[in-house]
Amino acid sequence: MAEVSLRDISVAFHSLTVFDHLDLDIEEGEFLVLLGPSGCGKSTLLNAIAGLLEVETGQIWIGGRNVTWEEPKDRGIAMVFQSYALYPRMSVRNNLSFGLRMAGTAKDEIARRVAKAAAMLQIDHLLDRRPDQLSGGQRQRVAIGRALVRDADVFLFDEPLSNLDAQLRNELRVEIKRLHQQLGSTMIYVTHDQIEALTLADRIAVMKDLKIQQLASPQEIYHRPANRFVAGFVGSPRMNFVDGRLLPDGESGWRFTTDSHVLRLGGYAFDGQPQPGQEVTLGIRPEHLQPADAGDWDGFVVEMTEPMGADTLVWARSGPDLLAVRTGSDTAITAGSSLTLGLPQDRISLFDRKDGRRL
Amino acid sequence: MTTPLTANVPSGRRPRRVGIARIGIYAFLLTSAAFFLLPLWIMVTTSLKPRAEVWEGNILALPAEFTVEPWIKAWSEACTGLDCNGISVGFWNSVQILIPSLVLSILAGAVNGYALSFWRVRGANLLFGILLAGAFIPYQVFLYPLVRLFSQAGIYNSLACIVIVHVVFGMPIMTLLFRNFYASLPVELFNAARIDGGGFWTIFTHVLLPMSAPIIVVATILQVTGIWNDFIFGLTFAGRENLPMTVQLNNIVNSTQGERAYNVDMAATILTALVPLAVYFLSGRWFVRGIAAGAVKG
Amino acid sequence: MVTARSPAAASPRMLGGRADARPARWRRQLGAKLALLPLTAVVIVVYLGCMLWTVRLSFSSSKLLPVGDWAGLQQYERLFANDRFLLSAINIGIFGVLFIGGCLVFGFLLAVFIDQRVRAEGVLRTVFLFPHAMSLVVTGLAWQWFLNPTLGLQKLVRDLGFAGFTFDWIVNQQMVIYTLVIAGIWQASGLVMAILLAGLRGVDEDLWKAARVDGIPAWRVYLSIALPLIGPMVVTATVLLAVQVVKLYDLVVAMTRGGPGIASEVPAKFVMDHLFERNNIGLATAAASMMLVTVVAILAPWIYARYVRETGRRT
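For the overall build of chain C, give the residues involved together with the corresponding values.
When helices and strands are counted, chain C shows 15 helices and 0 strands. In chain C, buried positions account for 43% of the 315 residues. Across chain C, the fraction of contacts at a sequence separation of at least 24, relative to all contacts at a separation of at least 6, is 68%.

Below is the structure:
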């Protein structure tokens, strides 16, 4: 077990400089998820930690050791890949033990570790098969097993579940979480799937355009997104956004106004100092909008409803604003009915419209 | 956790060390490159030396006295038997053979490939299988009966004869090339044309042929080098009047009487290699693609 | 290549009843059928007809002119009593093993070394492959000149001060076949390199990363992981080279003319000489038939393996 610390890291990738002097500390036993759309640089960062990519500046420390110039095999890491990357034409047993044999580990030690990993992942019965005789889910279990036998301090996952179908993805996600609890190792996990990020992570680093947008706990990311991008990227169905402007309200208060609606911001905790007339975007998640007889905003007409099983999504429009409202599956609201919505002050987020930052 | 950044700890890029492995890699590659270039080098230097220097000097050395006379001799004066008109005769013969053979074999390949990939004709796959297998059979197995057939038809030892032979023996690879190319196109394209009422030839000329430019380039590269480099067919079927360059070159070099003029021989050899080499150097990646298309899928 | 889609297979029956569909389908395919006539003719007349004719002639007593009699295995008996043919067969065996082995090993090494992110990769690839664009006649003449003992490599080394140096393989009856191997490898190993390099470049990048994390040395990755993955390409290259071996003719004619003496004779040249110079059609066709049998013996397992693999997948 070890902490990972990136100091002043820059990486060159295809003649682009990625992560200008980035600092990132990952605690011992922490599960950190790097989350972002494709091309955001999350895999590049992971490869740099693994030592598969050289850094331009800065240092990488793992377990209190400066490993910046070390080979991947000497960094005390293990890695799991999206395409499984199992060695073809080798039995599962040989796949698990190949690296250890190359390192000259004693035979009985290899056997012990392979047996232990196989038992943990319930792949004991597959040990004599070859990768092309396994299903996708089994292959990824083997790939995780290959990482386990390395007895590494830090596990790196590069979109390990992206090639699997939804059912298996859920299954293996739980498996990985269980492994983390059992082993207590530090884990760094790259994904573009926000559900994986929210369910697995102790902390999430949301990335975009080769930069970390927000580094915080899943709770914080979900409820207090640092900017408009994070707000829109995390959460499904997506957060509602309404454009408007801020005007002073009374002595020291503020109100949010659009062409048709006004919201008094008595209970909103501002991060920054708002300016009168500032153009902002208000964000609120579908489950936080409260359909009511009397509320903050009226005049909405229901365009359609989408039953999703556990709950129902109601699409309500007023002028240019189309909002999604999450209601119970037993809702009586039907298309065409009119709706009044309540917006709890502690649930809304305000973003500057120019730079997208949270206010 | 808070070890301060100091100048001496590893930081940033790993310092480059030229390892022994790296030296080994380059040594191997450069030695190999020398092995491949050496024959070409001595051909060129020899062809630019006067006769005396060829006999006296170092085979690797640049010509001390630089001359293009061997090239002129090779082109217009070198003898095959009693004919002393140089290898230019063979050059023009090869051009005459190449052009119709090239056009016809590509056309045949395109039509065959199209008919095989988009139209299921009963027995077509069996025919195609035999054709492909035939590509692996040594030519010696077919030569004598072909000679008899062409004699019967009265065209043995003629331009028509050698062109037909090239089209026939180019057919397996050309058909394979076009068939695989057309099979990789979306079927919807063909179906849409069918629904619009296109017939066999309309679809071919209006829809598929205009899309075939890349594969035609590959086919052209393969056929130009293949036909130009042919020896055995030219020797057997072209007849005295139409001997291609390769055959004439071999006659010039290997049947000279008396003391051999190595400089002229080498000039003639380079001249013969010039067309395929030009194709190779100009086409670059396409040449490799041609090999891959012909080799890997075949 | 075996599994091409055939869109026309989409049933025409939806257009109408069975009875109407048949002639309609027949008419619609008329164009395709006509277009395939030349191919059909070539297959039947040349690839099947000529081949069978040659085999038939090998069982006759034909000499200068083809005769239609039945002479049993007489020509084959003569063939296997013929020193020149037996030497040809031995030569092609030696050439085949060394040429294919040499090309595969050298070509694989070239591909691996060029895969090490070297500088000027494009230039090196061009250099390694250019001989493949040259005719075998040109190749043969170039090497004939380079290996010429009086003026070529031997003289070069002697002039450098090694007066006792001898490299006269091309005029040495025992060694001449190896000069053909060298020239052949020069001409064809670039092809192997190109095919295998394409294969290596197609290997999943994650596999290399996984191997690096596991600390597996590069040479071991190439041997234990990459080589099995590009196995099909090695097989393809082998088949291509094998076909070149059986067809070996131009190179011999240009480089050694079968000499010195008959030391570098090969079967293809034996057939050509007996067909067109020695006018012994029966013996020539018997030798050609032996070549045919050899090719079939080489190809059959390959085709069989491919076929079995294809059908195995389908079920």
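A description of the overall build of chain A should follow, citing residues and the corresponding values.
Helix and strand content of chain A: 8 helices and 20 strands. Dimensions of chain A along its principal axes, counting C-alpha atoms only, are 75 × 45 × 35 Å. The burial tally for chain A puts 42% of its 359 residues in the buried class. For chain A, long-range pairs separated by at least 24 residues make up 66% of all intrachain contacts whose partners lie at least 6 apart in sequence.

Hey, could you go over the interface of chain C and chain B for me, with residue numbers and the actual values?
Between chain C and chain B, the contact holds 79 residues from the first and 78 residues from the second. At 12 residues, the largest contribution of residues to the side of chain C that touches chain B is made by helix α3 (residues 37-58) of chain C.

Describe unusual backbone geometry, listing the residues and the values that go with them.
Residue P237 of chain A is bonded to the preceding S236 of chain A through a cis peptide linkage, with omega at 0 degrees. Among the secondary structure elements, P237 of chain A is positioned in the loop between α8 (228-233) and β11 (240-249). The phi angle at A85 of chain A is positive, at roughly 55 degrees, despite the residue not being glycine. Mapped onto the secondary structure, A85 of chain A falls in the loop between β6 (77-80) and α2 (92-102). Despite not being glycine, R257 of chain C shows a phi value in the positive range, around 50 degrees. You can see R257 of chain C is positioned in the loop between α13 (250-255) and α14 (267-276). Here R257 of chain C falls in the partly exposed class, since 16 other C-beta atoms lie within 10 Å of it.

How would you sum up the pairing of strand β2 (residues 16-26) of chain A? Please name residues and give values.
Regular strands place side chains that alternate from one sheet face to the opposite one. Judged from the 7 bridges that link them, strand β1 (residues 4-13) of chain A and β2 of chain A form a sheet pairing that is antiparallel. Paired with V11 of chain A across the two strands is V18 of chain A, which belongs to β2 of chain A.

Give a description of helix α12 (residues 245-254) of chain B that names residues and reports values.
Counting buried positions over the 10 residues of α12 of chain B gives 8, a clear majority of the element. Listed in full, the buried residues belonging to α12 of chain B are M245, T246, V247, Q248, L249, N250, I252 and V253 of chain B. The elements touched by buried residues of α12 of chain B are α4 (88-118), α10 (213-229), α11 (232-237) and α13 (262-283) of chain B together with α7 (136-147) and α13 of chain C.

Let's hear about the nonpolar core: which residues, and what values?
Of all hydrophobic cores here, the largest spans 283 residues; its most connected members are M79, L156 and I188 of chain A, A268 of chain B together with L196 and A287 of chain C. Among the elements that take part in this core, helix α7 (residues 159-183) of chain B stands out by supplying 16 residues, more than any other. Those residues in contact with M79 of chain A, other than ones at most four positions away along the chain, are A50, A147, L156 and D158 of chain A together with A210 and V213 of chain C.

For the environment of S349 of chain A, give the residues involved together with the corresponding values.
All names here are of chain A. Mapped onto the elements, S349 comes out in strand β20 (residues 349-352). For the pair S349 and E171, spaced 178 residues apart in the sequence, the C-alpha separation amounts to 34 Å. Once you skip the residues sitting within four places of it in the chain, S349 turns out to touch P225, A231, G283 and R358.

How would you summarise the sheet that holds strand β10 (residues 211-216) of chain A if you had to cite specific residues and measurements?
Residues and elements named next belong to chain A. With respect to topology, 6 strands assemble into an open sheet ordered β6-β7-β8-β3-β9-β10, the strand pairing being mixed. Two strands in the sheet have a free side with no partner beyond their single neighbour: β6 and β10. Sheet twist, expressed as the mean angle between neighbouring strand axes with direction ignored, is 15 degrees. As paired strands, strand β3 (residues 31-35) and strand β9 (residues 203-208) are joined by 4 bridges and run parallel to one another. From the neighbouring strand, L35 faces β9, where its bridge partner is V206.

I'd like to hear about the domain arrangement of chain C, residue by residue, with values.
Residues and elements named next belong to chain C. Along its sequence, chain C is organised into domain 1 (13-58) and domain 2 (76-314). Centre-to-centre separation of domain 1 and domain 2, based on C-alpha positions: 38 Å. Counting residues at the interface gives 4 residues for domain 1 and 6 residues for domain 2. A class-by-class count of the residues in the side of domain 1 that touches domain 2 yields 2 nonpolar, 2 polar and no charged.

Before we move on, can you summarise the interface of chain A and chain C with the specific residues and values?
Tallying the contact residues gives 18 residues for chain A and 15 residues for chain C. Secondary structure elements with two or more residues in the side of chain A that touches chain C: β6 and α2 of chain A. Looking at the side of chain A that touches chain C, its residues break down into 13 nonpolar, 3 polar and 2 charged.

Mind laying out the sheet that holds strand β16 (residues 297-307) of chain A, listing which residues take part and the relevant values?
Residues and elements named next belong to chain A. With antiparallel pairing, 5 strands are arranged side by side in an open sheet as β15-β19-β16-β17-β18. Lying at the two open borders of the sheet, with one neighbouring strand each, are β15 (290-292) and β18 (321-328). Pairwise comparison of adjacent strand axes, ignoring direction, gives a mean angle of 50 degrees for this sheet. Across 3 bridges, β16 lies against strand β19 (residues 338-342) in antiparallel orientation. In the sheet register, F300 faces β19, and the bridge partner there is L339.

Now, about the environment of F276 of chain C: what can you tell me, with residues and values included?
Residues and elements named next belong to chain C. Mapped onto the elements, F276 comes out in helix α14. Judged by C-beta crowding, with 14 C-beta atoms within 10 Å, F276 ranks as partly exposed. Along the primary structure F276 and L98 are separated by 178 residues, whereas in three dimensions their C-alpha atoms are 30 Å apart.

Before we move on, could you go through the confidence of the model for chain C and cite the residues and values that matter?
Residues and elements named next belong to chain C. The predicted model of chain C has a mean per-residue pLDDT of 85, with 88% of residues at 70 or higher. Taken element by element, chain C is modelled with least confidence in helix α1 (residues 18-28), mean pLDDT 58, and with most confidence in helix α5 (residues 83-114), mean pLDDT 95. Low pLDDT, under 50, characterises residues 1-19; the stretch is placed with 26 contacts to residues that sit more than four places away or in other chains. For this predicted complex, the interface confidence score (ipTM) comes to 0.87, while the overall pTM stands at 0.86.

Please set out the pairing of strand β12 (residues 253-257) of chain A residue by residue, giving values where relevant.
Residues and elements named next belong to chain A. The two faces of β12 differ: W254 and F256 on one face are buried, but G253, R255 and T257 on the other face are not. Pairing analysis gives 5 bridges linking β11 to β12, with the strands arranged antiparallel. Across the sheet, the residue bridging to L247 is R255, located in β12. The hairpin turn running from β11 into β12, its antiparallel successor, is 3 residues long, and G250 in that turn takes a positive phi close to 70 degrees. Sheet topology places β12 next to strand β13 (residues 262-264); 3 bridges connect them, and they run antiparallel.

Explain the environment of W228 of chain B residue by residue, including any values.
All names here are of chain B. Structurally, W228 can be placed in helix α10. Measuring from C-alpha to C-alpha, the distance between W228 and L62 comes to 30 Å, with 166 residues separating the pair along the chain. Each residue touching W228, except ones within four places of it in the same chain, is listed here: S94, L98, V275 and P276.

I'd love a proper account of the packing of α10 of chain B against α13 of chain B, names of residues and values included.
Any two packed helices are characterised by how steeply their axes cross, that is the angle between the axes, and by the distance between the axes. Residues and elements named next belong to chain B. Two numbers describe how α10 lies on α13: the axes approach to 9 Å, and their chain directions differ by 160 degrees. As summarised for this structure, α10 and α13 are arranged roughly antiparallel, according to the angle between their axes. As α10 packs across α13, the resulting crossing turns out to be left-handed. Contact residues: I221, V224, T225, W228 and N229 in α10; V275, P276, V279 and S283 in α13. Its residues assigned to classes, the contact of α10 with α13 comprises 6 nonpolar, 3 polar and no charged.

Quick one: what's the story with the packing of α13 of chain B against α7 of chain C, residue by residue and with numbers?
Relative orientation of the contacting elements α13 of chain B and α7 of chain C amounts to 150 degrees, with a least axis distance of 10 Å. Judged by the angle between their axes, α13 of chain B and α7 of chain C are roughly antiparallel. The two elements α13 of chain B and α7 of chain C meet at a crossing, and its hand is left-handed. On α7 of chain C, the residues that touch Y262, D265, M266, T269, T272 and A273 of chain B of α13 of chain B are V138, L141, A142 and W145 of chain C.

The rules behind the values
Residues numbered from 1 in each chain as written. Chains lettered and ligands numbered in written order. Predicted model: local features only at pLDDT ≥ 70, side-chain atom pairs only at ≥ 80, totals over all residues. Helix = DSSP H or I, 4+ residues; strand = E, 2+ residues; numbered from the N terminus. Buried ≥ 20, exposed ≤ 12 C-beta atoms within 10 Å, placed from the backbone. Contact = placed C-beta atoms within 7 Å. Pairing = 2+ DSSP bridges. Core = buried A, V, L, I, M, F, W, Y, C linked by C-beta atoms within 7 Å. Axes fitted to C-alpha atoms, helices over the stretch in contact; angles between N-to-C directions. Domains from an automatic or database assignment. Nonpolar A, V, L, I, M, F, W, Y, C, P; charged D, E, K, R; others polar. pLDDT = per-residue confidence, 0-100. Parallel < 35°, antiparallel > 145°, perpendicular 65-115°, else oblique. Left-handed = near helix turned anticlockwise from the far one by under 90°.

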